[in-house]
Number of protein chains: 2
Amino acid sequence: MRKLYHLWLSPYSRKVRLALGEKKLAYELELEKVWERRPEYLALNPTGEVPVLIDADGTVLADSTAICEYLDEIVPDPGLVGATSRARAEARRLAAWFDLKFNREVTRHLVGEKVVKRLLGKGQPDSEILRAGKANLRVHLAYIGYLGERRNWLAGDSLSVADLAAAGHLSALDYLGDVPWDEFSGAKDWYARIKSRPSFKHLLRDVVPGIPPAAHYADLNF
Amino acid sequence: MRKLYHLWLSPYSRKVRLALGEKKLAYELELEKVWERRPEYLALNPTGEVPVLIDADGTVLADSTAICEYLDEIVPDPGLVGATSRARAEARRLAAWFDLKFNREVTRHLVGEKVVKRLLGKGQPDSEILRAGKANLRVHLAYIGYLGERRNWLAGDSLSVADLAAAGHLSALDYLGDVPWDEFSGAKDWYARIKSRPSFKHLLRDVVPGIPPAAHYADLNF
């Protein structure tokens, strides 16, 4: 059986869970408390980060982008990168946008302060950092709306790794109740569509010990 | 004519220059002073970062990973990602290792303090940050040596994006004279081999205004 090592609000774990769901690939989830730095886990992935996927044949895969590309190669249907080289470049550009830029400007500030600090026993969130993360989030929600007005999905006609990467981050923030959806109707429309996909159900059942989800987190009419 | 917007010591620009060189694709280089945030450049790439490649047909490509994947698709020979899905996952994992982890732990500390701070007029390097970057670098050089003992190139039998990503970072640090090659013979052997490739020549001619290269930077017998 395929096994995915993950953490609840890791956007990168979530991206891979969505990819596995879209490909209809069964897997079991294993929680990895990365801060414990287990030697057995470091042997699987020397960065010590999640996710790691052990494929059905025993292949060990690390790095969420490498894992999604691998899944798209071994199970081409439905394609999650794109049909042409140009479309693939755009999907990869936008996936990197969320995984790098959005993470640096938003997720690290909000999930970092509210969840990671708590799990590591490093004290209360810094309100200045939260404020900066929330201000940056608004710029990104406007960008999602801009893309949504011009395209069916973020990178083009079909759902792609760009949507999965964005949804990995946004769903983690939404769990914390940090997304002002009602002020960004374009982004909200996009999120409502991806949130209602069967691949998403699994994420909506997550519960982080000690941190209950926002009231609307699992609600499809949020 | 293909055009690449770059900055001298950007490891990501260097990775794409190496990929273009390995594919034997002609291009012209255009220096982009990203800190000026030119509106025309932001229209090409809203992150404002380098590199951006304008392909011969006018396609605008951003994000160094997306660009390398694109080049590997439109010019498959020589392959720079890998021959099998498993090999490709390993090359992508290691490229991400250097582009994310190595950057965060080493390049940002050293190139950030010595070059970026200077270009932005933000004062002298912080010696604590330089010290941390140099200590982290030693761990990564040992890892390169570890991989080099087991494989022909970093990710396997053939040169791949893993080597190009690593070389992008290491060559920028080597320009600054920050790499203790003589203490890490495995990493040195690997760097000597990639440094002597025709695709590398171009990088060895770079000169950053006001920051001369280390004496051995362009020397193939360093």
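Structural notes, computed from the coordinates.

About the criteria used
Residues numbered from 1 in each chain as written. Chains lettered and ligands numbered in written order. Predicted model: local features only at pLDDT ≥ 70, side-chain atom pairs only at ≥ 80, totals over all residues. Heavy atoms only, no water. Helix = DSSP H or I, 4+ residues; strand = E, 2+ residues; numbered from the N terminus. Expected span 1.5 Å × (residues − 1). Contact = heavy atoms within 4.5 Å. Buried area = accessible area lost by both parts, 1.4 Å probe. Salt bridge = Lys/Arg side-chain N within 4 Å of Asp/Glu carboxyl O. Polar contact = N/O pair within 3.5 Å; in protein donor to acceptor, adjacent residues only side chain to side chain. Buried < 20%, exposed > 50% of the residue type's maximum accessible area, 1.4 Å probe, protein only. Pairing = 2+ DSSP bridges. Right-handed = clockwise from strand over helix to strand, strands pointing away.

## Focus: helix α6 (residues 161-175) of chain B
Helix length check: α6(B) (15 residues) gives 21 Å between terminal C-alpha atoms against 21 Å at 1.5 Å per residue, within 8%. B:G177 occupies a position one or two residues after α6(B) and carries a positive phi of about 75°.

## With respect to the interface of chain B and chain A
At the interface, 25 residues of chain B touch 25 residues of chain A. Summing the contributions of chain B and of chain A, the shared interface buries around 2,100 Å²; its carbon and sulfur component is 58%. For the pair chain B and chain A, the number of links is 10 salt bridges. The residue B:D57 makes a salt bridge to A:R86 at a minimum N-O spacing of 3.7 Å. In this assembly, chain B and chain A are joined by 10 residue pairs in polar contact (both at pLDDT 80 or more). When residues of the side of chain B that touches chain A are traced back to their parent elements, those giving at least two are β4 (60-62), α3 (64-74) and α4 (85-119) of chain B.

## Notes on the pattern of salt bridges
Within this structure, the stated rule accounts for 52 salt bridges over all chains. Ionic pairing is found between A:K3 and A:E30, a salt bridge with its closest N-O pair at 3.6 Å. One end of the pair, A:K3, is in strand β1 (residues 3-6); the other, A:E30, is in strand β2 (residues 28-31), with 27 residues separating them in the sequence. Assessed through its relative accessible area of 32%, A:E30 is described here as partly exposed. With a closest N to O distance of 2.8 Å, A:E128 and A:R131 form a salt bridge. Residue A:E128 and its partner A:R131 are located together in helix α5 (residues 127-150), separated by 3 residues, close to a single helical turn. Residues A:E128 and A:R131 agree in their burial class; the two are exposed. Connected through salt bridges with shared partners, the residues A:E69, A:E73, A:R88, A:R92, B:E69, B:E73, B:R88 and B:R92 form a single ionic network.

## Quick look at the pairing of β2(A)
Residues and elements named next belong to chain A. By the bridge criterion, 4 bridges tie β1 to β2 in an arrangement that is parallel. Looking across to β2, one finds that Y5 is bridged to E30. Taken together, β1, helix α1 (residues 11-22) and β2 constitute a β-α-β crossover, and its handedness is right-handed.

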